[in-house]
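Commentary on secondary and tertiary structure
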Amino acid sequence: MSETNEPAVLVERVGNVMVITINRPSARNAVNSAVSAGVGGALDEAAADPDVRAIVLTGAGEKSFCAGADLKAISRGESVYAPNNREWGFAGFVNKYTDKPTIAAVNGTALGGGTELAMSADLIVAAENATFGLPEVKRGLIAGAGGVFRLPEQMPQRLAMEMIFTGDPISAARALEVGLINQVVPEGQVVSAAVELAQRIAVNAPLSVQASKRVAYGVVDSIRVEEADRWVLSAAEWDQLATSEDSKEGPRAFAEKREPVWKAR
């Protein structure tokens, strides 16, 4: 069956754990509007169901957790956000708060939007072949789905700034060493390991866990208050950068398989 006939997102239950799978392996699980709608809708379903006590998010296959935004869809002028629910953010997840604990099960590469998606989860379990990075500066862009402010908060600041400035990725082993992720497991075992961790959470009193999460993040009315201004700043910088010559040169050079020529304008 071709991918066009497959749902972009799969949802299953393992006891009190909801497993959400981005199901576009032939596109390296790149995010389009169907993915954003599917993930965001699954989060709404989980929020409304008291039997769901933890959520695992992963990508289909073993090579890529998520390759970021679907550039082919963007080149066709399509939005990658959920129709009528743009406020959910990239992949229907990065700016959509849920009280239920979330775990990213990172199978393979998670670059750009993939890393931003993983960082949006409360916990991260990664396969040994996983890689993390924000390569946007190599394309004349910025990590606009929360990456530029979340990475320095989730690992030592100077190491985070090195990753942001260079755009170079790090391995799962290095990510574990610097505290970006919780656990590294052999390839093929990442979802089962994430579900096992989720089940350790699910045995606890759900209202206590959810209240603890709200306090830890400073959540008021489903908004992480300390992030609100940073989202505004990130969007403003993205919009300004998008008008630059360099922001056009980066993707063009990538498509033409050559080094970009930056003009700082």
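Everything discussed here concerns the structure shown above.
This text gives an overview of the structure that appears in the document. All values reported here derive from a predicted model rather than from experimental measurement. (Residues numbered from 1 in each chain as written. Predicted model: local features only at pLDDT ≥ 70, side-chain atom pairs only at ≥ 80, totals over all residues. Heavy atoms only, no water.)

Some details on the packing of aromatic side chains
- Inspection of the entire model under this criterion finds one aromatic pair.
- Aromatic side chains Phe-149 and Trp-231 sit 5.1 Å apart centroid to centroid with 85° between the ring planes, which places their arrangement in the edge-to-face category. In this pair, Phe-149 sits in helix 4 (residues 147-154) while Trp-231 sits in helix 9 (residues 225-241), placing the two residues 82 residues apart along the sequence. Trp-231 shares its class with Phe-149; the two are buried.
- When the ring centre of Tyr-81 is taken as reference, the NZ or CZ atom of Arg-86 above it lies at 4.0 Å.
- One residue, Arg-224, lies across the ring of Tyr-217, its end atom 3.9 Å from the ring centre. (Phe/Tyr/Trp six-rings, centres within 6.5 Å; stacked < 30°, edge-to-face > 60°. Helix = DSSP H or I, 4+ residues; strand = E, 2+ residues; numbered from the N terminus. Buried < 20%, exposed > 50% of the residue type's maximum accessible area, 1.4 Å probe, protein only. Lys NZ or Arg CZ within 6 Å of the ring centre and 35° of its normal.)

What about the side chain of Thr-98?
- In this fold, Thr-98 is placed in the loop between helix 2 (71-75) and strand 5 (102-106).
- Apart from the residues within four sequence positions on either side, Thr-98 is in contact with Leu-43, Ile-55 and Lys-213. (Contact = heavy atoms within 4.5 Å.)

Regarding the environment of Ala-91
- Relative to the elements of secondary structure, Ala-91 occurs in the loop between helix 2 and strand 5.
- Residue Ala-91 is classed as buried on the basis of its relative accessible area of 0%.
- Along the primary structure Ala-91 and Ala-34 are separated by 57 residues, whereas in three dimensions their C-alpha atoms are 8.8 Å apart.
- Apart from residues lying up to four places away in sequence, Ala-91 is in contact with Val-31, Val-35, Ser-36, Val-39, Gly-40 and Leu-117.

Overview of the nonpolar core
- In terms of nonpolar packing, the biggest core is built from 47 residues, with Ile-20, Val-106, Leu-117, Phe-132, Leu-151 and Leu-180 touching the most fellow members.
- For this core, the element with the most residues is helix 1 (residues 33-48), which contributes five residues.
- Residues in contact with Ile-20, not counting those within four places in the same chain, are Val-9, Leu-10, Val-39, Ala-42, Leu-43, Ile-55, Val-56, Leu-57 and Thr-58.
- Counting 17 residues, the second-largest nonpolar core is a separate cluster that includes Val-125, Ala-193, Ala-194 and Val-195. (Core = buried A, V, L, I, M, F, W, Y, C linked by side-chain atoms within 4.5 Å.)

Quick notes on the sheet that holds strand 7 (residues 123-127)
- Read across the open sheet, the six strands follow the order 1-2-3-5-7-10; overall the sheet is mixed. Across the chains shown, the open sheet's two edge strands, defined by having one partner strand only, are strand 1 (9-14) and strand 10 (183-185). Strand after strand, the sheet turns through a mean of 20° between neighbouring axes, direction not considered.
- Inspection of the sheet shows strand 1 paired to strand 2 (residues 17-22) by six bridges, in the antiparallel sense. (Pairing = 2+ DSSP bridges. Axes fitted to C-alpha atoms, helices over the stretch in contact; angles between N-to-C directions.)

Section: the side chain of Glu-136
- Examined against the element boundaries, Glu-136 turns out to sit in the loop between strand 8 (131-133) and helix 4.
- Beyond its immediate stretch of four places on either side in the chain, Glu-136 contacts Gly-112, Gly-113, Glu-116, Leu-141, Ile-142 and Ala-143.

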